[in-house]
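Analysis of the macromolecular model
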Amino acid sequence: MTTFRISPTVAEAFPDTLIAVVTAIGLRGHEPWLATVTAQQDLEQQLADGAWQPADESDPRIEAWHTAYRSFGTNPRRIRPSVDALGRRLAKKGTLPRINPAVDSYNAVSVRHGLPAGAFDLDHVTGDIAIRYADGTETFTPLGEPGTTEHPKPGEIIYTDTTDVLTRHWNHRDAHRTRVTEDSTHVAFVLETLHATRDGHLIKTAAGQLQGLLTEHSAQTAVQYLSSTHPQAST
């Protein structure tokens, strides 16, 4: 069992934070996920038709993350929140990346709703997961760069387990060790907002959609929520 916790200092600094944790057990990543393919294609077609476009930095959902990044010393125009980077890539190329079914699912839900998303292979997580301020001693190995070691800046918000950092700059980039692949069978997905009062309904809709994409290809799924008033959830 893995417990997610928001540290008291992060909860105090961002009191309207709401994070959905969508857990899948018995995930089957090697079979076709037709609903996910359809979700990707629908977004790309709507973009091509001019019927929809991804949220950009002028959108309040993205602007809030830019403000948060600046608060802990990160330049969001250089190091962008994941949903901002994904939306910009989609707007430029007209297509979403194809990684694997589980990652493709949360990417499609993320960009559809303008909400940062990520995922951790829980079989490679050690201990519990904390969302907290870095002290500068932590280590991070970026996704796709297994030979690289970075150190978050003191005061940067990170996801971390008992070994090292899982996500830098809150939701900019995930770690290589806990990356989700076709072989991952026990995965926790996260969807985030800093403004639950305004966007809580989006989080719940997005979590439901992601759970729907996962259910057909999992033995079991569940959704839990983290907030400043409920800062802990166990998967």
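As a reminder, the structure under discussion sits directly above these lines.
Below, the structure is looked at part by part.

Here is what the cut-offs are and how they apply
- Residues numbered from 1 in each chain as written.
- Predicted model: local features only at pLDDT ≥ 70, side-chain atom pairs only at ≥ 80, totals over all residues.
- Heavy atoms only, no water.
- Helix = DSSP H or I, 4+ residues; strand = E, 2+ residues; numbered from the N terminus.
- Buried < 20%, exposed > 50% of the residue type's maximum accessible area, 1.4 Å probe, protein only.
- Contact = heavy atoms within 4.5 Å.
- Polar contact = N/O pair within 3.5 Å; in protein donor to acceptor, adjacent residues only side chain to side chain.
- Pairing = 2+ DSSP bridges.

Moving on, we come to the environment of Trp170. Its location among the elements puts Trp170 in the loop between strand E6 (165-168) and strand E7 (173-174). The class for Trp170 is buried, based on a relative accessible area of 1%. Separated by 30 residues in sequence, Trp170 and Phe140 have C-alpha atoms that sit 13 Å apart. Sequence-distant contacts of Trp170, defined by excluding residues within four places in its chain, comprise Val10, Phe14, Thr17, Trp65, Phe72, Ile131, Ile157, Ile158, Tyr159, Glu192 and Leu194. Here Glu192 takes part through its side chain, which lies 3.0 Å from a polar atom of the side chain of Trp170.

Here we take up the environment of Ile6. Relative to the helices and strands, Ile6 is located in strand E1 (residues 3-6). Each C-alpha atom, one on Ile6 and one on Asp49, is 41 Å from the other, the two residues being 43 residues apart in sequence. What Ile6 contacts, discounting residues up to four positions off in sequence, is Ala11, Ile19, Ile131, Leu226, Ser227 and Pro231.

Spatial strand order, E7-E6-E5-E4-E1-E10: six strands in an open sheet with mixed pairing. Sheet topology places E7 and strand E10 (232-234) at the edges, where each strand pairs with a single neighbour. Pairing of E1 with strand E4 (residues 129-133), which is carried by three bridges, proceeds in the parallel orientation. Looking at the pairing, Ile6 lines up with Ile131 of E4.

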